[in-house]
Amino acid sequence: MNPVVHFEMPYDNHERMVSFYQFAFGWRMQNLGDEMGNYILATTTETDEHGIADPGTINGGFFPGSQIGPHNIPLLSLRWTIYMTR
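Residues numbered from 1 in each chain as written. Predicted model: local features only at pLDDT ≥ 70, side-chain atom pairs only at ≥ 80, totals over all residues. Heavy atoms only, no water.

S.K.: Looking at this model, I keep getting lost on the overall build of the protein chain. Mind explaining?
M.R.: Along the backbone of the protein chain there are one helix and five strands. The secondary structure elements of the protein chain, listed N-terminal to C-terminal, are β-α-β-β-β-β. Within the protein chain, the fraction of its 86 residues that count as buried is 27%. The contacts in the protein chain between residues at least 6 apart in sequence include a share of 53% that link residues at least 24 apart. When the accessible surface of the protein chain is split by element, carbon and sulfur atoms take 56% of a total near 6400 Å². (Helix = DSSP H or I, 4+ residues; strand = E, 2+ residues; numbered from the N terminus. Buried < 20%, exposed > 50% of the residue type's maximum accessible area, 1.4 Å probe, protein only. Contact = heavy atoms within 4.5 Å. Areas by Shrake-Rupley, 256 points an atom, 1.4 Å probe, with all protein chains shown as cover.)

In structure tokens, the structure reads:
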């Protein structure tokens with residue numbers, strides 16, 4: 001079976017989201033800034049020299065919730081994006 005290699009979730013409040021995941025799980029968070037749509041990388045585990053995490057672990061990111069759906073219309077049913085390898 002192909003493993004999940006990256007997750008993405010929306011956020012509504014940047015500071016609240018970063019504080020929660022850093023405190024609750026010890027994740028390292030990196031805001032990529034306005035030029036990258038305020039995407040926030042979440043490092044949940046270390047990776048090898050190719051950026052691959054150990055099996056059973058994944059890294060991911062967060063994006064502003066206002067970017068969900070066509071024309072930035074929030075879609076409450078769309079809450080996770082998962083990437084898998086072949």
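Following the structure, the description resumes.
S.K.: Quick question: what am I supposed to make of the confidence of the model for the protein chain here?
M.R.: For any part of a model where pLDDT is low, the fine detail of the predicted coordinates should not be relied upon. Looking at the protein chain as a whole, the pLDDT averages 80, with 74% of positions reaching at least 70. Throughout residues 70-78 the model reports pLDDT below 50, and contacts reaching past four residues in sequence, or to other chains, amount to eight contacts. (pLDDT = per-residue confidence, 0-100.)

S.K.: Is there a simple way to explain the side chain of Asn59 in this structure?
M.R.: Note that Asn59 resides in strand β4 (residues 59-64). Classification of Asn59 as buried rests on a relative accessible area of 15%. In terms of polar contacts, Asn59 uses its side chain to reach the backbone amide nitrogen of Thr44, at 2.5 Å. Reaching out from Asn59, the side chain makes a polar contact with the backbone nitrogen of Thr45 at a distance of 3.0 Å. Excluding anything up to four places from it in sequence, Asn59 contacts Val5, His6, Phe7, Ala42, Thr43, Thr44, Thr45 and Thr47. (Polar contact = N/O pair within 3.5 Å; in protein donor to acceptor, adjacent residues only side chain to side chain.)

S.K.: It is not clear to me how helix α1 (residues 14-25) should be interpreted in this structure. Could you clarify?
M.R.: Within an α-helix, residues lying three or four positions from one another point in the same direction, as the helix has 3.6 residues per turn. Here α1 spans 16 Å end to end across twelve residues, near enough to the 16 Å set by a 1.5 Å rise per residue. Within α1, burial applies to Met17, Val18 and Tyr21. Summarising the axial view, the buried residues of α1 lie within an arc of 95 degrees, below the 170-degree limit, and thus occupy one face. Exposed residues on α1 whose side chains face more than 90 degrees from its buried face are Glu15, Arg16 and Phe23. On its buried side, α1 packs onto β1 (4-11), β2 (28-31), β3 (40-43) and β4. Backbone nitrogen of Glu15 and a side-chain oxygen of the N-cap are separated by 3.2 Å at the start of α1; the cap is Asn13. Just downstream of α1, Gly26 is the residue with a positive phi angle, here 75 degrees. (Expected span 1.5 Å × (residues − 1). Arc of directions from axis to C-beta.)

S.K.: Explanation requested: the pattern of salt bridges in the structure shown.
M.R.: Opposite charge on two side chains allows them to pair when their charged atoms are near. Here the structure, examined in full by the defined rule, presents one salt bridge. Between Arg28 and Glu46 there is a salt bridge; the shortest N-O distance is 3.0 Å. Here the residue Arg28 occupies a position in strand β2, and Glu46 occupies one in the loop between β3 and β4, the gap between them amounting to 18 residues. Overall, Arg28 belongs to the partly exposed group, its relative accessible area being 47%. For Glu46, a relative accessible area of 53% corresponds to the exposed category. (Salt bridge = Lys/Arg side-chain N within 4 Å of Asp/Glu carboxyl O.)

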